[in-house]
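One-letter residues, chain by chain:
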Amino acid sequence: METETIKRNNFPQPAMDFFGLRNSAIDYLQQLAGEQWTDYNEHDPGVTILDQLCYAVTDLSYRTNYDIKDLLAGKAEYNGRVEFPPDPQNPFPRAIHKDSFFTLDEIMPCHPLTINDWRRLIIDGVEGVRNAWVEPLNENFSHPIGVYRILIEEEENHLFKPQGKKKESRDDSEQEHTKKIIADVRNLFHANRNLCEDLESVKVLRKREMNIIASIEVDETANSEEILAKIFFKVGEFISHPIRRYPLNQMLEKGYSIGEIFDGPRLKNGFIQDEELYARTTQIYYSRIIRAILDVPEVNNIYDFRIEGANDEKKVWILGDMEVPVFSLKFGDNDDYGIRLMKNNIPVYIDKSLVSSYYEAFRLGQARPYIPGQHKQALSAFDVKLGRDRKAGEYRSVQYDFPPVYGIGELGVGEGANETFGGEVGGKKRTSARREGLAQQLKGYLLIFDQVLANYLEQLASVPTLFSIDPSIKRSYFPATKLDVPRLAPLLKQTGTTPFYKVDKDQLSGESAHLIDHEMERMQKSKLMFAGEFGYHEALSEILRAGDDFFERRNRFLDHLLSRFGISMSARMFEDTNWYFTTEEELHEFILESKTAALQYVDLITERRGQAAIFTYETATAWLESYVRLRLGIVDSKMNLRLEFYKMSAPIYEYKIPEKTIRTINKKREIDHLHGTVKSELAESDAFQPYDKPEKTADHSAFDFPEFYEELNSRKIHIDIDMLRNGYLANNYKFGKLEGEDKITVIYRDPEDNAADDDRSWKIVGVYSTISAAINEILSVSAFLRYLNLETEGLHVVEHLPLRPPINDLKFETQLLDAAGIPLLHSKADFCCEEDQEEIIRKFHAYGCKADSYIIKHGGGRWLIELSDNKQEIFAQSAKLYGSKSEAQAACEIIRQRCIDLFIHKYMRNEDVRFRTWYGSIEIPPLSFYSLRMTVIMPSWTARFSNVGFRKVISQLLRNYAPAHINIVEFFLEPSEMKEFEDRYEQWRKAWAENDPSTEDLGIHLSILLNKYYTELDL
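## Concerning the overall build of the chain
Scanning the chain from N- to C-terminus turns up 30 helices and 32 strands. Classification of the 1019 residues of the chain by burial places 46% in the buried group. Across the chain, contacts joining residues at least 24 apart in sequence account for 73% of those joining residues at least 6 apart. For the chain, the accessible surface area stands at approximately 53700 Å², while carbon and sulfur atoms represent 51% of it.

## Quick word on the packing of aromatic side chains
When we look at a pair of aromatic rings, we describe it by the centre distance and by the angle of the planes. A complete count under the given rule lists 27 aromatic pairs for this structure. Judged by centre distance (5.4 Å) and plane angle (70°), the rings of Phe402 and Tyr406 are edge-to-face. Taken as a pair, Phe402 and Tyr406 share a single burial class, namely buried. When the centroid spacing of 5.3 Å and the interplanar angle of 85° are considered together, the rings of Phe467 and Phe557 count as edge-to-face. With Phe467 in the loop between α14 (463-466) and α15 (510-526) and Phe557 in helix α17 (residues 550-563), this residue pair connects regions lying 90 residues apart in the sequence. Joined through ring pairs, the aromatic side chains of Phe615, Phe981, Tyr985, Trp988 and Trp992 make up one cluster.

## A closer look at the nonpolar core
Counting residues in hydrophobic clusters, the biggest one holds 54 residues, and the most contacted among them are Tyr733, Leu785 and Phe981. Considering each element in turn, this core owes the most residues, 8 residues, to helix α25 (residues 771-792). Other than its neighbours up to four places away in sequence, Tyr733 contacts Pro690, Tyr691, Met723, Gly727, Val746, Ile747, Tyr748, Val765, Ile778, Val781, Ser782 and Leu785. By size, the runner-up hydrophobic cluster in this structure holds 49 residues, among which are Cys196, Val602, Val628 and Leu795.

## Describing the pairing of strand β26 (residues 854-859)
In summary, the side chains of a regular strand alternate between the two faces of the sheet. Of the strand pairs in this sheet, β26 and strand β27 (residues 862-868) are connected by 6 bridges, and their pairing is antiparallel. Bridged to Lys857 within β27 is Leu864. Hairpin connection of β26 to β27: 2 residues between the antiparallel strands, including Gly860 at a positive phi of 65°.

## Some details on the pattern of salt bridges
Scanning the entire structure with this criterion turns up 39 salt bridges. The closest approach of N and O atoms between Asp389 and Lys391, which form a salt bridge, is 3.5 Å. As a salt-bridge pair, Lys843 and Asp869 come within 3.7 Å of each other at their nearest N and O atoms. With Lys843 in helix α26 (residues 834-847) and Asp869 in the loop between β27 and β28 (874-878), this residue pair connects regions lying 26 residues apart in the sequence. One network of salt bridges, with partners in common, ties together Asp105, Arg266, Glu607 and Arg608.

## Looking at the sheet that holds strand β10 (residues 299-307)
Across the sheet, 4 strands lie side by side as β10-β8-β13-β14; this open sheet has mixed pairing. The open sheet terminates on both sides in strands that have one partner only, identified here as β10 and β14 (346-347). Direction of pairing for strand β13 (residues 339-343) relative to β14: antiparallel, over a ladder of 2 bridges. Across the sheet, Met342 pairs through a bridge with Pro347, a residue of β14. Here helix α7 (residues 224-240) sits on the sheet and contacts β8 (212-218), β10 and β13; the angle it forms with β13, its principal contact strand, is near 135°. Sheet contacts for helix α10 (residues 286-294): β8 and β10; angle to β10, the most-contacted strand, approximately 150°.

## With respect to helix α2 (residues 45-64)
Its 20 residues place the ends of α2 29 Å apart at the C-alpha level, agreeing with the 28 Å of an ideal helix rising 1.5 Å per residue. Here α2 starts with a cap whose side-chain oxygen sits 2.8 Å from the backbone nitrogen of Gly46, and that cap is Asp44.

## Overview of the sheet that holds strand β31 (residues 933-939)
Ordered by their spatial adjacency, 3 strands build an open sheet running β23-β31-β32, and the pairing between neighbours is mixed. The two strands at the open ends of the sheet, each matched to only one other strand, are β23 (796-799) and β32 (967-973). Taking the axes of each pair of neighbouring strands and ignoring which way they run, one obtains an average angle of 25° across the sheet. Looking at chain direction, β31 and β32 are connected through 7 bridges and run parallel. In the strand pairing of β32, Arg933 is matched with Asn967. Packed onto the sheet, helix α30 (residues 999-1016) meets β23, β31 and β32 and runs at close to 85° relative to β31.

## Considering helix α16 (residues 536-546)
Residues Tyr536, Ala539, Leu540 and Ser541 constitute the buried set of α16. Buried-residue contacts for α16 involve α13 (433-461).

## Things to note about the pairing of strand β4 (residues 147-154)
Within β4, 8 of the 8 residues are buried, which leaves the element mostly enclosed by the surrounding structure. Burial of the side chains of β4 extends over both faces: Val147, Arg149, Leu151 and Glu153 are buried on one face and Tyr148, Ile150, Ile152 and Glu154 on the other. Here 7 bridges tie strand β3 (residues 129-136) to β4, and the two strands are oriented antiparallel to one another. The residue of β4 that forms the bridge with Val129 is Glu154.

## Considerations on unusual backbone geometry
With a phi angle near 50°, Asp304 is a residue other than glycine that sits in the positive phi range. Within the element layout of this structure, Asp304 appears in strand β10.

## Overview of empty space enclosed by the protein
Empty space among the atoms becomes apparent when a probe as large as a water molecule is rolled across them. Evaluated as defined, the whole model comprises 5 cavities of 30 Å³ or more. Of the volumes computed, that of the largest cavity is approximately 80 Å³. Along its surface, the largest cavity is lined by Arg130, Asn131, Trp133, Glu153, Ile239, Ser240, His241, Arg280, Thr281, Val324 and Pro325. Looking at the lining of the largest cavity, the elements with two or more residues in it are β3, α7 and β12 (323-329). The element contributing the most residues to the lining of the largest cavity is β3, with 3 residues.

## Focus: the side chain of Asp70
Assignment of secondary structure puts Asp70 in helix α3 (residues 68-72). Using a relative accessible area of 12% as the deciding quantity, one classes Asp70 as buried. Leave out the neighbours within four places in its chain, and Asp70 touches Leu386, Gly387, Arg388, Asp389 and Arg390.

## What to know about a nonpolar patch on the surface
On the surface, a cluster of nonpolar side chains totalling about 390 Å² of accessible area is made up of Tyr445, Ile448, Phe449 and Val452. With respect to the helices and strands, Tyr445 occurs in helix α13.

## Focus on the confidence of the model for the chain
Summary statistics for the chain give a mean pLDDT of 79 and a share of 78% for residues scoring 70 or more. The low-confidence segment residues 158-168, where pLDDT is below 50, has 24 contacts with residues more than four positions distant or belonging to other chains. The model gives residues 498-505 a pLDDT under 50, and that stretch makes 12 contacts with residues more than four places away or in other chains.

## Comments concerning the side chain of Thr792
When you line up the elements, Thr792 lands in helix α25. Judged by relative accessible area, Thr792 falls into the buried class, the value being 0%. Side chain to side chain, Thr792 and Trp941 meet in a polar contact 3.0 Å long.

## Structural notes on the packing of α7 against α10
Interaxial distance between α7 and α10 falls to 9 Å at its minimum, and their mutual angle equals 140°. Classified by the angle their axes make, α7 and α10 are oblique. As for the relative orientation of α7 and α10, their crossing is right-handed in sense. Between α7, through Ile231, Lys234, Val235, Phe238 and Ile239, and α10, the contact on the second element is made entirely by Arg288, Ile289, Ala292 and Ile293. Grouping the constituent residues of the contact of α7 with α10 by class yields 7 nonpolar, no polar and 2 charged.

## Re the environment of Gly736
Here Gly736 shows up in strand β20 (residues 733-736). Between the alpha carbons of Gly736 and Ala774 there is a distance of 9.0 Å; along the sequence they are 38 residues apart. Look past the residues within four positions of Gly736 in its chain and what remains in contact with it is Phe688, Lys743, Ile744 and Thr745.

Criteria and thresholds
Residues numbered from 1 in each chain as written. Predicted model: local features only at pLDDT ≥ 70, side-chain atom pairs only at ≥ 80, totals over all residues. Heavy atoms only, no water. Helix = DSSP H or I, 4+ residues; strand = E, 2+ residues; numbered from the N terminus. Buried < 20%, exposed > 50% of the residue type's maximum accessible area, 1.4 Å probe, protein only. Contact = heavy atoms within 4.5 Å. Areas by Shrake-Rupley, 256 points an atom, 1.4 Å probe, with all protein chains shown as cover. Phe/Tyr/Trp six-rings, centres within 6.5 Å; stacked < 30°, edge-to-face > 60°. Core = buried A, V, L, I, M, F, W, Y, C linked by side-chain atoms within 4.5 Å. Pairing = 2+ DSSP bridges. Salt bridge = Lys/Arg side-chain N within 4 Å of Asp/Glu carboxyl O. Axes fitted to C-alpha atoms, helices over the stretch in contact; angles between N-to-C directions. Expected span 1.5 Å × (residues − 1). Polar contact = N/O pair within 3.5 Å; in protein donor to acceptor, adjacent residues only side chain to side chain. 1 Å grid on protein atoms, 1.4 Å probe; cavity = no way out; pocket = protein on both sides within 12 Å on 5 of 7 lines; lining within 4 Å. Points joined across faces, edges and corners; volume = space filled by probe spheres on them. Patch = residues over 30% accessible without salt bridge, like charges linked within 9 Å, V, L, I, M, F, W, Y side chains within 5 Å. pLDDT = per-residue confidence, 0-100. Parallel < 35°, antiparallel > 145°, perpendicular 65-115°, else oblique. Left-handed = near helix turned anticlockwise from the far one by under 90°. Nonpolar A, V, L, I, M, F, W, Y, C, P; charged D, E, K, R; others polar.

Structure (structure tokens):
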């Protein structure tokens, strides 16, 4: 049998093995300097230095091997969260994370998706709700898909209550309590609503008491009152299905994994199992109640069982659509319970007060797996634990550990290195300058090692910073600027001192002096350690900054953190789709800001990706919209700016210069507008000088004021609406003199106008007295157009379902069309749903082909055609009146032939038949328009949004991130169209948030506007 032993020198990392490091270092030294250095014993100063450095490396390795929790515990200023300031428009007040380490309760729950998710959320989140059922309303096509009703069962103190004097009506306090529950449930639903889902109604179910009448034979020795109370308790539990809440530890004991436990919405009061969320009871069979009673051990038999109000023939108790069962203790005619206990076929006397006492004991004695406040306490056991701060960045110089004889410690060279003046005993002593110099030389030599070792530990201590998502971080390498080195100050050059690299070049040969000059010049240009204007610490920081590819390294850290949540935000996508940055630094800064913002909200992005906008907050947006804006770089789009822009762009529409080719050289025109007469000319582009100098980022602050737009018009600057696409690029402008004129003219060409170099359209922007004024105007106009591009980009995700009208007020109509699309017949009856429209088509097939189905009626001097079925019921009539009977008879034959064609060939919507939906006198889109559909509205005039490739990127983003069952269509609107849409959309959003009665009408007109876009595209 092999003996178990403790292994010696069992180091987790090779660098922790001091002797291994020392032996490896000596091996290297022997290979490199074996001929000059042969003494490797401990008395050799070089070996002493080697020993100290090897020991320091083992310390570095030991600290590197700390648990990551301990490393992250350092630099506490980068950990924790920063609280949001109060914001009434923010429905989810939360803390901004400065790290990406979330607790289970923050990152694991998801938005409610399933019916059971919704039930758990309502039961847990609304006080006074005992149970809840969420039911879709799409039966018989009478509602758009995605509409729900919520049925609520109010809490009771007991599963049943004794029957006393029957209450005829509820008092005011109970009614107020019920109204509050309905309002709370409605608000909870809208705060968590999914895209393309909506709530039709919240209703509280009426409680219907179950009154059981039966004779039950029990054991002779049993306590009668206790048995009856137990029967009541069992039956009450069976019909009411109590819902229990479980703490985290009990869920784990039941065998659920963390993923299964948190698979659902975030709950505040424990966890609810799916198995306890029973379907709503609509009928109860006698056999099920009898089985529940027989489960009581002391019960032997049951006689004469029935339930009041039940179907005794089918042995079933049927509930109404809006009823929920509760068990009742009902007294009989003799002031007795409906249930009688029997012992040896003899009725048993029952003490009712004892029954109530036993029942209360059973109720209070049942297991209570959840205690209020326990949920939060259980979750805290799984909070992120950052470990113990090991002070990984603290470094103590190796110079402290050298023997005193080296003179590099705290005491310096010491008295042992003194020498006597004059060579006499007892003479004046002083420290040897040579000995002091040698010690300083060694200290300077070791300082290089000290700095490298300290930098390593500082970088290790900066792990929390590297993994932080704080946007203020601007570096990824961190030098150690506070060195614990004995007598350090004399070794360091201070800021502004004379460089200590000055040497007497006269004593050097010409070649050596040249090399010295070249090296010093390089250092000066690089502003490195020996530059005169830098001190040691400043120069050290510059050295690391020069080698710090911050964007590349920071981007990799952020990508790693995003990948932990399954999110990919490729920098290439930002580079390909953000064209407005004039420098690479601007683009890199923007990419890092976008990724940092995504990480700060990653818990909400992953949890609420399918959540719709909360309309009770006027400015709230769907998380899909917020995420796509983030991915596209639309971080702070200004909605109202588009409306102001439209006002500014009005003269641009009115005075737009027509596109011309260069063959129309010097063709002059005069345009009159509000600011007077402006001379406009089209110029020979080759006679003008292009502006191709590097652009500078302009200060956009002036563009936020109306005065700027007034000044723009007063300067008579011609900004064509088409210039918005590419006018932000200054190299699309040229300047020069027109023939016969001294002033400088600025012209612009859209590179997409014409591909051929000899056939380009140039437009005059303005005329200036000097070249510098012309160039300044080019920069000003291009910067302004870049600003408009950035600030007027954006998108609106509009769900169709919330725009729907009241379903009960709708009427449906089916039209039979001729080959030209003109109505021949239309249905006469008012239908209740879209399915009835299809029924009319079947009647057209069945009766429209028969001549005897047509009835011609005369009235008011006009003739009307009606179509009847085999029951002589009129189901359609002609779309117009005819002037004579013969004309009506001819029309009957045309209609009949059209019905025969419809019967032979499969009909086509909007070609053979047309379905129409009416709300009062307004024709609205069909109900299918409101089912699982979203429209995304975007501007068409900006550079990016007018690009075909960029539009494909948007489409892909929307479909990759939106729920798969939703149909999405994108539309790109011109400024005038955008103004019309945003006016109506903003009015509807405001009315919805304020609970304005006009919300329905505004929603109907907005849906009609959206449907117009679909109709124009024939969708």
